[in-house]
Every structure is written in structure tokens, then in C-alpha cells.
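# Structure at a glance
Residues per chain are reported as follows:
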Amino acid sequence: MAATAPRLIVRTFNKIHRAGLTRFDPEIFRVADDVSEGAHAILLRSHKLTEADVPVMCRSIARCGAGTNNCNVPRMTELGVPVFNTPGANANAVKELVLCGLFLASRGIMQGAFKMDALHAEGTAHDQIEKVKAQFGGRELAGKTLGVVGLGAIGAAVLKAALDLKMDVIGFDPALSVEAALKLPGHRMTMVDSLEDLVAASDYVSLHAPAVDSTKGMISADVLKRAKKDVCLLNFARGELVDEAALSSFYDSGATGSYVCDFAVGPSLSARPNVVVLPHLGASTEEAEENAAAMAAETTALYLQTGTIRDSVNFPTTTLPARGDAVQRVCVVNENRPGMLGEILSVFGNAGINIVQQINTSRGDLAYNVIDIERLSSFEDVHFKSWDALQFLLTSIDGIKSTRYIHGTPSSAKHGGYAVNFQGQVFGIGSQYAPTLPSFGELAARADDACGEAATA
């Protein structure tokens, strides 16, 4: 049976760069953008994911980009499905557009170009060009101060480019990791402890933070009170970071700086000549789209073939060295609470199955285990008649979200079994070769219908 098992199905939403998708081994994976039978993994860009999109047999979701606001991450975490992103894949593309934004904010470039379009239409461009140029004077970037909010891959790239332009740079990132901090040119920049301090000292402010509850509306009326009247604001991260009403009031009060953003704005800002709006071009380069697709494909393939977790926004980073054909790998997703690890390991111990190596990691309320057990040629010497029986018991434990086993080498991943515990019921046993089970959305709807019928009975 193992020799004829179908390939793992990767469903794509949106247009994913083909060159990146070639990272999937065609002997193991089949990539499709419309699969009625479901999917073992999902890749997407801007599609807003719902439970109805996610089959019960879906092992992972990867977004070709850094932000995962459209991936319903809290719900996927509850269901035990890892969500991956591609940090840094589009960093150079966004950095270059931010640099463009700095120039657009400083030199009246767009306004001057629009004026020349009008003069050419009138037939007076040659006569008027020297007379009108004074309307579009600007300032140079060298010697000015750029405040960078968020020092991940993109923010760090912008910061370094600004230093090369001979700007002074201030950084602020309350969530900065040690790894990211070590990559910064600390001797050439200044770190501050608050957004207010950064804004007060900056001629330009570039936003590179995610849109989460703590950052939405971070450019607020209180923050803008500390800003210079000619400060230029650049937003190539998320539109929600800026309180548009507060920014509009800031300009109404006499502020003269520009706002350059990569997102649509409301009517209070859209008509202002000092507001430059781009159509979300940040990662829209051939190179960035290929990089993001390749990174998402590699991360997905690595997880499906070995259980390794990297670049996940909801699962802990987890790596267990491969032991080849000598072992069979079991991956378990469960609630992070006392006693769970003991219950999981006791299933193998009680069955007389030897554990060769294992790793247990956690992130918030979720835990993830990768367990290598001695490869069994038969079940004669253990207390289970089949893998299905063993997996059913393991998946039935209260607090287990999903279980998966991989037969030895990564190339055999498509032969492995996957099972899910959804509201106390186990799905997937014996159906590892085709993801034909319903979506999580359908299961949730059935559960709601059953509750409704019980309430009216």
C-alpha cells in the first residue's frame, strides 16, 4: 500500500509564484489551486481564511508574506494547526519602496510631476518649467533623523539603508528579540524606550510593526502631540497602525509634513495634497513573490516530511535530528497543561514500544511533541494490533489536538497517518491517503446543529 499512496496535496489560494512552488518534490507533493477532495496543507497570500477552507486533514497553513492577519491564527491554534509565515522574504522589496517614500515625502516629486502633466496638456510646459519649480522645493535626507518603529527584517533593512544615506537613526521595538538585536548596527544608531520619545526626535518616522491589539492606532493624538510639525510619516506596514482622525486633526492644526502609505485611506486624508497613497506595492516585485513562495514551500515541506517547526506564528520552534530508517516519528499537538507529556509517553510505554529520542516544546496554551520510536517490522511484540489502534488511543486522550506519524525517512511522509481530536471525537484514523473528510467549519456547524436540536427536543 505504501508504494502506491497518493501524493500529499498542497492547496494554493491566490496566485503563488510558480518558481517558488517548484521547491515541492513532485514525487511527494501535488500542488493545486482548486481541489474538491481537500488538502494536506494550504499556501496563501491575501485570501481571508475561514474554517470552511481548512479540511480536517490539513496539517499546516503557510502565508507567503510576513503578516498573518488573514489566517485566523487564534482559531487555527485552538484546532492545533500550525501557521507559518515568511519573515524577511520581501524585506528588500519593501525597503526599496520605503526609500522611495522618503524621497516622495521630501522633494515634492509627485506634485511636480502632476503639475508638468497639466502644463504639457496646456502646451506651456517649456515656458513655465523654470517658473513653477519653486513651488516644489524640498529638503535633503542627509543629516535628518529617521525613527524606525519595529526592527524586524524590514525595519532593520530600512535602518541600515538610511545610515548609508547619512541619516541619523533612532529605533524603537518593545518586542525586539535578542537574535534581531544582535544584527543591528548598535554603535551607529540610538534606541529609545518609548514611541513618544522616538516621534519627538524624528524628522521622518517609518512604521514596521504588525497590526495587533497593542499597535492598532499607535500613531494617536497623544503621540502626534510630541511630533515636529514638519514630520513625515511613512507607513508600509499596516494601515491600522495610524489613527486617521488624529492624523487629519494634526494636519488641520498646521502640521506641514507628508504622509506616505501603501494602503487606502479614508476621506479625511485622501484629498490632502500632502498625503501620498500607493496601491499596496510593498512586496509586489517578481523577486519578493518568488522568495516568499519558495520560503513558504520549503517550510511546509520540512514540517510535513520531518515535523520540524520554524517560522511559525503560533507553534514553538522545534527541531529533532533525523534518525533515518531506524525509527518511526510521531508528532503530537496538545494542550499545554501539567501531566500531558506523561500521558502521551505512557501510551508507548504501556504498549512496550521503545522511545529512541523525543522533544517537548510549548508556546502559550499549546504544546508540541516530536517522538522517535524504534521502527517496528510487526506488532507481534507489542500490545497493539496496528498503527491505527495505537493512534486512536493516543488521539483520544483528553487535551490532544492531533497526532501524526512518519515512516522513517522524509520521503515517506505521504504514507504517514494523521488524526484529529475535534470536540472529543477522533477523525482521520485509516484515512491517511486522501483528505476526504469535511472541513473544520462543517464539523463546527454540525456540532451547533446538534446542540440546537438537543435544546429544542
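Please refer to the structure higher up on the page.
Here is what the cut-offs are and how they apply
- Residues numbered from 1 in each chain as written.
- Predicted model: local features only at pLDDT ≥ 70, side-chain atom pairs only at ≥ 80, totals over all residues.
- Heavy atoms only, no water.
- Axes fitted to C-alpha atoms, helices over the stretch in contact; angles between N-to-C directions.
- Helix = DSSP H or I, 4+ residues; strand = E, 2+ residues; numbered from the N terminus.
- Parallel < 35°, antiparallel > 145°, perpendicular 65-115°, else oblique.
- Left-handed = near helix turned anticlockwise from the far one by under 90°.
- Contact = heavy atoms within 4.5 Å.
- Nonpolar A, V, L, I, M, F, W, Y, C, P; charged D, E, K, R; others polar.
- Buried < 20%, exposed > 50% of the residue type's maximum accessible area, 1.4 Å probe, protein only.
- Expected span 1.5 Å × (residues − 1).

What follows is about the packing of helix 4 (residues 109-122) against helix 5 (residues 125-132). Across the interface, helix 4 lies against helix 5 with an axial gap of 9 Å and an inter-helix angle of 150°. When the axes of helix 4 and helix 5 are compared, the pair comes out roughly antiparallel. Pair helix 4 / helix 5 crosses with right-handed handedness. For the pair helix 4 and helix 5, the contacting residues are K115, M116, L119 and H120 in the first and A125, Q128, I129 and V132 in the second. Along the lines of polarity and charge, the residues of the contact of helix 4 with helix 5 split into 5 nonpolar, 2 polar and 1 charged.

Further remarks concern the environment of A301. As for its placement among the helices and strands, A301 is situated in helix 12 (residues 286-306). When its relative accessible area of 7% is taken as the criterion, A301 is described as buried.

For the rest of this paragraph, the subject is helix 3 (residues 91-107). When the terminal C-alpha atoms of helix 3 are compared, their 25 Å separation across 17 residues agrees well with the 24 Å that a helix rising 1.5 Å per residue should span. Most of helix 3 sits inside the fold, with 12 of its 17 residues counted as buried. Of the residues making up helix 3, those classed as buried are A91, A93, V94, K95, L97, V98, L99, G101, L102, L104, A105 and S106. In the stretch just after helix 3, G108 is the one whose phi turns positive, near 60°.

Honestly, that's just the spatial picture; any functional story needs more than this.
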